[in-house]
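Next come the chains, spelled out residue by residue.
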Amino acid sequence: VQLENASRISQTTLSKYTTGKNTKPSKDSLVMLCAGLRLPYHGIGDKFMNSAGCALTMANDRDALLIILMSTQYTNGVKHFNTCLVDSGFAKLSEK
């Protein structure tokens, strides 16, 4: 329940990841998990995302903002990330 609250990912979805029923989480879900676990992007979060077959790129404006948030504000959590995304004209993070 703690990871569910911190990541804002439903227990059902988390269960699908841990049981292997869903082996391809979305980019947003991976960012939400990193934020929920308070993983800094460089050295940990980027490796976590890469191991799931996903990468953020500075060539994409939304990804670039996520890299900045995950690098500098990773302790602030998903709610803060969503506020920054919306304030910058992007969609909130979503597990779908």
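Residues numbered from 1 in each chain as written. Predicted model: local features only at pLDDT ≥ 70, side-chain atom pairs only at ≥ 80, totals over all residues. Heavy atoms only, no water.

A. Quick look at helix 6 (residues 77-87). Within helix 6 the residues assigned to the buried category are Gly-77, Val-78, Phe-81, Asn-82, Cys-84 and Leu-85. Down the axis of helix 6, the buried set is contained in an arc of 165°. They therefore lie on one face. Turned more than 90 degrees from where helix 6 packs its buried face, Lys-79 and Asp-87 sit exposed. Along its buried surface, helix 6 packs onto helix 1 (2-7), helix 3 (27-37) and helix 5 (61-72). Phi for Gly-89, located one or two positions after helix 6, is positive at around 90°. (Buried < 20%, exposed > 50% of the residue type's maximum accessible area, 1.4 Å probe, protein only. Helix = DSSP H or I, 4+ residues; strand = E, 2+ residues; numbered from the N terminus. Arc of directions from axis to C-beta. Contact = heavy atoms within 4.5 Å.)

B. Representation of unusual backbone geometry in the model. One non-glycine residue with positive phi stands out, namely Arg-8, at about 65°. Locating Arg-8 in the fold gives a position in the loop between helix 1 and helix 2 (11-19). A relative accessible area of 48% means that Arg-8 is categorised as partly exposed. One non-glycine residue, Arg-38, lies in positive phi territory at about 60°. Tracing the chain through its elements places Arg-38 in the loop between helix 3 and helix 4 (41-51). Classification of Arg-38 by relative accessible area gives partly exposed; the value is 36%.

C. Structural detail: the environment of Met-49. Mapping Met-49 onto the fold places it in helix 4. Dropping the residues within four chain positions of it, Met-49 is found in contact with Lys-27, Leu-30, Val-31, Cys-34, Cys-54, Leu-56 and Met-70.

D. Quick look at the side chain of Asp-28. With respect to the helices and strands, the residue Asp-28 is situated in helix 3. Discounting residues that sit within four places of it in the chain, Asp-28 has contacts with Arg-62, Lys-92, Leu-93 and Ser-94.

E. Structural detail: the packing of helix 3 against helix 6. In contact at an axis separation of 7 Å, helix 3 and helix 6 are set at 130° when each is read in the N-to-C sense. Overall, the two elements helix 3 and helix 6 adopt an arrangement that is oblique. Contact with helix 3, carried on its side by Val-31, Met-32, Ala-35 and Gly-36, involves Gly-77, Val-78 and Phe-81 of helix 6 and no other residues of that element. Of the residues in the contact of helix 3 with helix 6, the class split is 5 nonpolar, 2 polar and no charged. (Axes fitted to C-alpha atoms, helices over the stretch in contact; angles between N-to-C directions. Parallel < 35°, antiparallel > 145°, perpendicular 65-115°, else oblique. Nonpolar A, V, L, I, M, F, W, Y, C, P; charged D, E, K, R; others polar.)

F. Here's a closer look at the nonpolar core. Of all hydrophobic cores here, the largest spans 24 residues; its most connected members are Val-31, Met-49, Leu-56, Leu-66, Met-70, Phe-81 and Leu-93. Every element with two or more residues in this core is listed here: helix 2, helix 3, helix 4, helix 5 and helix 6. Among the elements that take part in this core, helix 3 stands out by supplying 6 residues, more than any other. Not counting the four nearest positions on each side in its chain, Leu-56 is found in contact with Lys-27, Val-31, Tyr-41, Met-49, Asp-63, Leu-66, Ile-67 and Met-70. (Core = buried A, V, L, I, M, F, W, Y, C linked by side-chain atoms within 4.5 Å.)

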